[in-house]
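The chain contents come next:
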Amino acid sequence: MKQLRALLALFVFLALAMPAAAQEAGRGGGRITAVDVRGTQRIDPDTVRSYMLVQVGDVAEQDRIDRSLRALFATGLFRDVTIRNEGSRVVVDVVENPLVNRVAFEGNRRISSEILRGIVLTQPRSVFTPAAAQTDRQRILELYARRGRFRATVEPKIVELDQNRVDLVFEIFEGDPALVARVTFVGNNAFSEGRLRDVISTQEQAWFRLLSSSDIYDPERLTYDRELLRRFYLRQGFADVQITGSSGELTPDRSAFFVTFTIEEGQRYRIGKVEVINEIPRINIEGLRREVEISTGDWYDGDGVERGATAIADALQARSEPFVEVQPRVTRNPEAGTIDIAFIVREGPRAFVERIEISGNTRTEDRVIRREFRLAEGDPMNARQVRRSRDRIRSLGYFSDVQITNQPGSGAERVNLMTSVVERATGEFTLGGGYSTDAGFLLDVGVRERNMLGMGLDGRIGGVLAEKRSQLDLSVTDPQFLDRNLAAGGDAFLINRDLRFVAGYRERRAGFALRTGYEINDRLRQNWSYSLIDRDITDINTDASTFIKEQAGRTLLSQVSTTVTYDMRDSRIEPRSGWVVRVGGDYAGLGGDVEYFRTRADGQYYIPFERWLSDPDFVLVLAAGGGILSPLGSKDDRIVDRFFLGGENLRGFRLGGAGPQDTSTGDSLGGQVLWTSSAEMRFPLPLPNELGLLGRTFVDVGSLSGIPNSYFDQTKYPGAKPVDDADPRVSVGVGFSWRSPIGLINIDFGKAVVKKDYDKTQIFRLGFGTRF
């Protein structure tokens with residue numbers, strides 16, 4: 001009986017244990033007593049174990065072992081991995097991926113290695129993997145494609161080194177760039193294809209674009225061109241325009257692209273009613289309508305609407321209303337073909353500047369940037385002042401990019417201004433040459449640093465050597481002396497001029513000048529200077545006028561000068577609208593050998609015709625200027641202090657060719673009273689914009705008079721025949737400017753239509769030069 005009960009108990013035990021044993025056998029085996037890692041060189045075995053899903057004491061399940069294998073491969077650290085069981089031990093054999101010793105590029109001529117290193121992910125001392133190398137290959141190909149080189153090929157190669165290291169070398173064949181063979185437009189009814197090609201930046205290939213990249217196909221540029229087209233149509237009254245597509249079709253030989261833009265122009269609108277609606281009772285909106293340049297009856301101008309809203313906001317912020325915003329509301333009237341525009345003035349969010357943060361200035365000191373800000377920490381947030389600050393920082397010329405963004409501060413009404421700049425090279429070595437009618441062939445050499453020591457100091461030393469003029473000068477300027485609204489600087493110079501073809505003498509000047517200036521506001525500025533100059537008139541022609549010969553010798557000039565400038569131009573470099581007026585005076589007599597007071601004034605007014613002619617290069621320029629020299633004391637004035645008329649200030653006449661002369665010798669004597677005026681119409685020529693050609697027609701008028709009364713004393717000057725006539729001279733002409741690869745070239749053809757018999761005229765005038 002006892003034996004029967006024992007057999008029954010054994011049977012029950014086996015019946016319960018066998019399923020559990022079968023289940024454990026199905027999972028892969030028993031418990032793991034050790035995990036052995038073999039083959040590692042740089043990587044610690046414990047690091048390998050940390051990536052695995054099975055550890056000592058776990059059941060050796062085959063599924064978890066397989067997943068551990070995949071996890072180890074996924075790290076990218078190993079070229080090969082095997083895992084096997086040896087009894088209760090798990091053995092992991094690994095072959096580590098090599099370390100990258102160096103990343104090099106071969107065959108790249110159009111894109112520098114520095115740029116390529118910046119886009120690849122594989123870097124020295126990183127782990128090499130074939131997948132990463134292929135990813136880098138694709139990134140390089142994409143960069144070349146953006147540069148228009150679709151035929152480029154890239155082949156990554158490895159050079160094995162000792163200690164499990166490799167050099168990764170990308171062998172590059174750049175191929176020729178894919179050019180744009182044709183640009184076409186679909187749906188354009190209001191404007192010709194030629195006019196639209198002038199709007200976009202992508203251009204068809206042509207021989208004269210040898211130094212340009214505008215004819216290289218770039219998909220990203222097409223996106224930019226779509227925006228250019230859209231804004232162009234908006235400026236011309238097409239408020240509903242849509243640029244529905246831009247595509248590039250590769251030619252069968254993969255050497256060029258056909259680019260097509262698809263346009264839905266929509267209806268063209270004129271401006272209907274324009275009004276300013278005020279939602280802030282305390283604000284008086286009287287006069288704000290005058291800030292808007294668009295008028296009823298004009299073609300709708302999307303940019304003009306934006307400028308109007310900005311101008312109203314700026315005017316209100318100038319009235320100490322920093323927390324206002326102006327929103328334009330556009331109401332279309334398709335039946336009438338008009339658009340009503342309402343500028344809504346409403347309360348904006350209240351915010352104050354908490355901090356101004358500056359980054360990216362690795363060389364320029366923070367204070368150089370901060371002093372250009374038109375608002376300080378704690379001031380009300382003012383979008384107008386932020387724009388002004390950004391523009392002022394950009395105008396320094398120290399940075400290739402300037403961005404100012406807003407970030408939330410520590411509170412609901414706090415804003416941080418994050419200023420990011422990208423430094424650019426500010427040192428210059430210039431070597432140039434050229435020719436001008438007045439100076440002849442010239443050579444220009446100079447060294448300049450516009451941001452000395454990162455402190456914003458501008459220093460230059462340079463020289464000009466020409467047939468009729470030579471000059472050596474040294475200058476240093478601090479645009480913000482002592483971090484105040486005060487520019488200070490000094491100049492030292494030596495100038496030699498050959499004026500024998502004008503007045504029969506050579507002139508040498510040597511001296512120095514001390515300068516200072518300050519801004520009264522954004523538009524108004526005053527400059528002061530003191531000059532001490534030694535002048536020497538020498539090498540007088542033997543047949544020169546008696547009036548010239550008596551000027552021979554040296555004189556010392558001690559002069560204080562000031563100039564006030566009011567500048568309302570849209571740009572100081574290439575103005576197309578606005579005006580500028582300069583008024584100044586010179587007083588000589590603080591010591592020295594001469595004593596006089598000289599006043600000067602000039603101005604220009606720029607009238608754009610883009611609104612009517614759809615091209616910003618149509619500009620009418622009206623200019624005028626003048627000066628009066630008043631000798632003080634008993635001595636006559638000197639010829640080197642007088643005004644001369646002709647050349648640059650009166651085209652169609654030679655330098656000094658109009659005004660007082662000694663007709664017995666033909667020498668110009670200069671004058672004490674000068675005035676000039678000019679009307680010049682600038683216009684684009686029917687040639688591609690890339691050529692940089694602009695035409696002009698002009699009418700110049702000027703007068704010069706005033707010589708000492710003693711010149712007419714025949715007992716003192718026997719045989720002399722001075723003439724002094726204040727009648728105006730008039731010239732008309734045409735010309736053009738060419739921004740050529742060797743510099744700016746100006747050519748004018750002028751005809752003197754009102755002149756005196758003794759005046760010296762000049763039909764052709766040329767000036768060009770370059771720096772490289």
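Not measured: the values here are computed from a predicted model.

Conventions adopted
Residues numbered from 1 in each chain as written. Predicted model: local features only at pLDDT ≥ 70, side-chain atom pairs only at ≥ 80, totals over all residues. Heavy atoms only, no water. Helix = DSSP H or I, 4+ residues; strand = E, 2+ residues; numbered from the N terminus. Buried < 20%, exposed > 50% of the residue type's maximum accessible area, 1.4 Å probe, protein only. Contact = heavy atoms within 4.5 Å. Areas by Shrake-Rupley, 256 points an atom, 1.4 Å probe, with all protein chains shown as cover. Lys, Arg positive; Asp, Glu negative; His and termini not counted. Charge placed at Lys NZ, Arg CZ, Asp CG, Glu CD. Polar contact = N/O pair within 3.5 Å; in protein donor to acceptor, adjacent residues only side chain to side chain. pLDDT = per-residue confidence, 0-100. Salt bridge = Lys/Arg side-chain N within 4 Å of Asp/Glu carboxyl O. Pairing = 2+ DSSP bridges. Axes fitted to C-alpha atoms, helices over the stretch in contact; angles between N-to-C directions. Core = buried A, V, L, I, M, F, W, Y, C linked by side-chain atoms within 4.5 Å. Parallel < 35°, antiparallel > 145°, perpendicular 65-115°, else oblique. Nonpolar A, V, L, I, M, F, W, Y, C, P; charged D, E, K, R; others polar. Patch = residues over 30% accessible without salt bridge, like charges linked within 9 Å, V, L, I, M, F, W, Y side chains within 5 Å.

Undergrad: Any chance you could break down the overall build of the protein for me, citing the residues and the numbers?
TA: Secondary structure assignment for the protein yields 12 helices and 34 strands. For the C-alpha atoms alone, the extent of the protein along its principal axes is close to 170 × 70 × 60 Å. Considering the protein as a whole, with its 772 residues, one finds that 42% of them fall into the buried category. Residue pairs at least 24 apart in sequence account for 59% of intrachain contacts in the protein once pairs closer than 6 positions are excluded. Of the roughly 39700 Å² of accessible surface on the protein, a fraction of 54% belongs to carbon and sulfur atoms. One way to put it: in the protein the 103 positive side-chain charges average out to a point 1 Å from where the 107 negative ones average out.

Undergrad: A description of the side chain of Arg729 should follow, citing residues and the corresponding values.
TA: Along the chain, the position of Arg729 falls in strand β32 (residues 729-740). Here the side chain of Arg729 touches Asp725 through a polar contact of 3.3 Å, landing on its backbone oxygen. Within the structure, Arg729 has its side chain in polar contact with the side chain of Asp759 (distance 2.9 Å). Those residues in contact with Arg729 that sit more than four places away from it in its chain are Leu650, Phe653, Ala658, Gly659, Asp700, Val701, Gly702, Val754, Lys755, Lys756, Tyr758 and Asp759.

Undergrad: Outline unusual backbone geometry, supporting the account with residue identities and numerical values.
TA: Phi is positive for Leu482, which is not a glycine, with a value near 55°. Look at Leu482 and you get exposed, because its relative accessible area is 61%. A positive phi angle, close to 50°, is found at Asp539, a residue other than glycine. Relative to the elements of secondary structure, Asp539 occurs in the loop between β22 (524-538) and α11 (546-549). When its relative accessible area of 45% is taken as the criterion, Asp539 is described as partly exposed.

Undergrad: Can you tell me about the confidence of the model for the protein, naming the residues and giving the values?
TA: When pLDDT is averaged along the protein, the result is 87; 95% of the residues meet or exceed 70. A low-confidence stretch, residues 16-28 (pLDDT under 50), is modelled with 9 contacts involving residues beyond four sequence positions or located in other chains.

Undergrad: Could you give me a rundown of the pattern of salt bridges, with the residues and numbers involved?
TA: Counted by the stated rule, this structure contains 60 salt bridges. Across the pair Asp167 and Arg102 runs a salt bridge whose closest N-O atoms are separated by 3.7 Å. Here Arg102 lies in strand β4 (residues 99-106) and Asp167 lies in strand β6 (residues 165-173), a separation of 65 residues in the sequence. Look at Arg102 and you get partly exposed, because its relative accessible area is 42%. Across the salt bridge formed by Glu227 and Arg230, the nearest N and O atoms sit 2.9 Å from each other. Here Glu227 and its partner Arg230 are both found in helix α7 (residues 219-235), 3 residues apart, which amounts to about one turn of the helix. Since its relative accessible area comes to 31%, Arg230 is described here as partly exposed.

Undergrad: I'd like a rundown of the sheet that holds strand β8 (residues 242-250), residues and numbers included.
TA: Each strand in a sheet pairs with its neighbour through backbone hydrogen bonds, running either in the same direction (parallel) or in the opposite one (antiparallel). Overall, mixed pairing links the 3 strands, which are arranged β7-β9-β8 in an open sheet. The open sheet has two free edges, formed respectively by β7 (179-186) and β8, since each of these has just one partner strand. With direction set aside, neighbouring strand axes in the sheet form an average angle of 15°. Contacts from α7 reach β7, β8 and β9 (256-264) within the one sheet, and its direction differs from that of β8 by about 145°.

Undergrad: I'd love a proper account of the nonpolar core, names of residues and values included.
TA: Counting 23 residues, the largest nonpolar core has Tyr300, Ile312, Leu316, Val326, Ile341 and Phe343 as its most contacted members. Of all the secondary-structure elements, those providing two or more residues to this core are β10 (270-278), α8 (302-318), β11 (324-333) and β12 (338-347). Sort the elements by how many residues they give to this core and α8 lands first, with 6 residues. Membership of the second largest hydrophobic core comes to 21 residues, among which are Ile200, Leu229, Phe238 and Val259.

Undergrad: Any chance you could break down the sheet that holds strand β15 (residues 414-423) for me, citing the residues and the numbers?
TA: If you walk across this open sheet you meet the 3 strands as β13-β15-β14, and the pairing is mixed. What marks the edges here is a single partner per strand, and that holds for β13 (352-359) and β14 (399-408). Adjacent strand axes in the sheet meet at a mean angle of 20°, parallel and antiparallel pairs treated alike. Each of β14 and β15 touches helix α10 (residues 383-395); the most contacted strand, β14, lies at about 155° to it.

Undergrad: Could you give an account of the pairing of strand β1 (residues 34-38), naming the residues involved and the relevant values?
TA: Among the 5 residues that make up β1, 4 are buried, leaving the element largely enclosed by the rest of the structure. Here 5 bridges tie β1 to strand β3 (residues 89-96), and the two strands are oriented parallel to one another. When the bridges of β3 are listed, Val35 appears paired with Val90.

Undergrad: A description of the packing of α7 against α8 should follow, citing residues and the corresponding values.
TA: Across the interface, α7 lies against α8 with an axial gap of 6 Å and an inter-helix angle of 80°. Relative to α8, the element α7 lies roughly perpendicular. Packed against α7, whose contacting residues are Arg231, Leu234 and Arg235, the element α8 presents Gly302, Asp303 and Glu306 at the interface. When the residues that make up the contact of α7 with α8 are grouped by side-chain class, the tally is 1 nonpolar, 1 polar and 4 charged.

Undergrad: Summarise a nonpolar patch on the surface; cite the residues concerned and give the values.
TA: Side chains of Phe429, Leu443, Val445, Val447, Ile461, Leu465, Leu472, Leu474 and Leu494 sit close together on the surface and give an oily, nonpolar patch of about 790 Å² of accessible area. Elements that contribute at least two residues to the nonpolar patch include exactly β17 (440-452), β18 (457-466) and β19 (469-478). Element by element, the count of residues in the nonpolar patch is highest for β17, at 3 residues. Examined against the element boundaries, Leu472 turns out to sit in strand β19. For Leu472, a relative accessible area of 49% corresponds to the partly exposed category.

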